[in-house]
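# Coordinate analysis (summary)
Residue-level listing of the chains:
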Amino acid sequence: MVVGLTGTHALAAYALAYGLGRLLPRHQLPEFRPDPASIVLQQGWVEAVHLYQRLARGESPPTVVAPGFIGPGVVYLDAVFSYARFYGTTVTYGQSSAVAVGSPVVVAGALVGNMIGNSVARSRAAQLAQPQWREFTYARIIVTPTTTWCSLGGRWLPFDHHGVMEYTLDGPNCVLTFAEVEPLRLAGPSVWHHAIMFAYARYGPAYWQEAPFLQPLREVAHISL
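A few points on the structure.

Cut-offs applied
- Residues numbered from 1 in each chain as written.
- Predicted model: local features only at pLDDT ≥ 70, side-chain atom pairs only at ≥ 80, totals over all residues.
- Heavy atoms only, no water.
- Helix = DSSP H or I, 4+ residues; strand = E, 2+ residues; numbered from the N terminus.
- Expected span 1.5 Å × (residues − 1).
- Phe/Tyr/Trp six-rings, centres within 6.5 Å; stacked < 30°, edge-to-face > 60°.
- Buried < 20%, exposed > 50% of the residue type's maximum accessible area, 1.4 Å probe, protein only.
- Lys NZ or Arg CZ within 6 Å of the ring centre and 35° of its normal.
- Core = buried A, V, L, I, M, F, W, Y, C linked by side-chain atoms within 4.5 Å.
- Contact = heavy atoms within 4.5 Å.
- Salt bridge = Lys/Arg side-chain N within 4 Å of Asp/Glu carboxyl O.

This brings us to helix α2 (residues 36-56). With 21 residues, α2 should reach 30 Å at 1.5 Å per residue; the first-to-last C-alpha distance of 30 Å fits that figure. Just beyond α2, the residue with positive phi is G58, at close to 95 degrees.

What follows is the structure, encoded as structure tokens:
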């Protein structure tokens, strides 16, 4: 059926019903550009699901060659992560003293302004001293059967898996909490891979799938099997 439309109102109705895009030249339409970061994260998630399925079938965890790393044990993962630590600190700040000469109004205004400035500096220092995530940087992370190693400034920092008191996974972020040292946060497309290998190393091939933080991966991996 063909419907003929004439007049300004009819043309407007046609545009609303079928979309202005049908009336505009193609070069005026916005071009869809997928977010590269989202694509990389999606790839990391898919690879982690495949890894979960391989281990769930009883296969041995794959190992990788880590150039330059000669630490103990085989290497399960060698990747770059966003790195941060959580702790408070001591912040020093200077206080100013005002010397004002003039009328009482001028002197009072100078003293009040000085007090406000010192108060702002004190509040800012207190805020900066509060426990919070610090040391934001990128680090090379290597996972062995016993340890997560972080390469920072030419040093290798070991985080023993058996010293982890809590492991949480939130999207592309994981947090390792310890009894004696500051919490460690790692983020990036390989974070789900890290979660799987940490669970496998910590709980062993018989119980790693029961780790509660693997629930999102467990649901998808079992559906896909």
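The next subject is the packing of aromatic side chains. Summed over all chains, the structure comprises 10 aromatic pairs. Aromatic pair F159 and F178: ring centres 5.6 Å apart, planes at 35 degrees, arrangement tilted. Residue F159 is located in strand β4 (residues 155-160), and its partner F178 is located in strand β6 (residues 173-178); the two are separated by 19 residues in the primary sequence. For the pair shown, F159 and F178 are each scored as buried. An angle of 20 degrees between the planes, with centres 4.6 Å apart, marks the rings of Y167 and F198 as stacked. In this pair, Y167 sits in strand β5 (residues 164-170) while F198 sits in helix α4 (residues 191-203), placing the two residues 31 residues apart along the sequence. Residue classification places Y167 among the buried positions, given a relative accessible area of 8%. Through a chain of ring-to-ring contacts, the aromatic side chains of Y52, Y200 and W208 assemble into a single cluster. Here the guanidinium or amino end of R185 rests over the ring plane of W133, the centre of that ring lying 4.9 Å away.

So, on to the nonpolar core. Counting residues in hydrophobic clusters, the biggest one holds 39 residues, and the most contacted among them are Y83, I196, L214 and L217. Of all the elements, α4 adds the most residues to this core, at eight residues. Excluding residues within four positions of it along the chain, L217 makes contact with W45, A48, V49, Y52, W192 and I196. Core analysis: the second largest hydrophobic core is formed by five residues, F69, V75, I142 and W149 among them.

For the structure on display, the rule yields four salt bridges. With a shortest N-O distance of 3.2 Å, E182 and R85 are connected by a salt bridge. Of this pair, E182 sits in the loop between β6 and β7 (184-187) while R85 sits in strand β1 (residues 77-87), and the two are 97 residues apart along the sequence. The class for E182 is partly exposed, based on a relative accessible area of 34%. Where salt bridges share partners, they join R54, R57 and E59 into one cluster.

So far we have only geometry, and geometry alone does not tell us how the molecule works.
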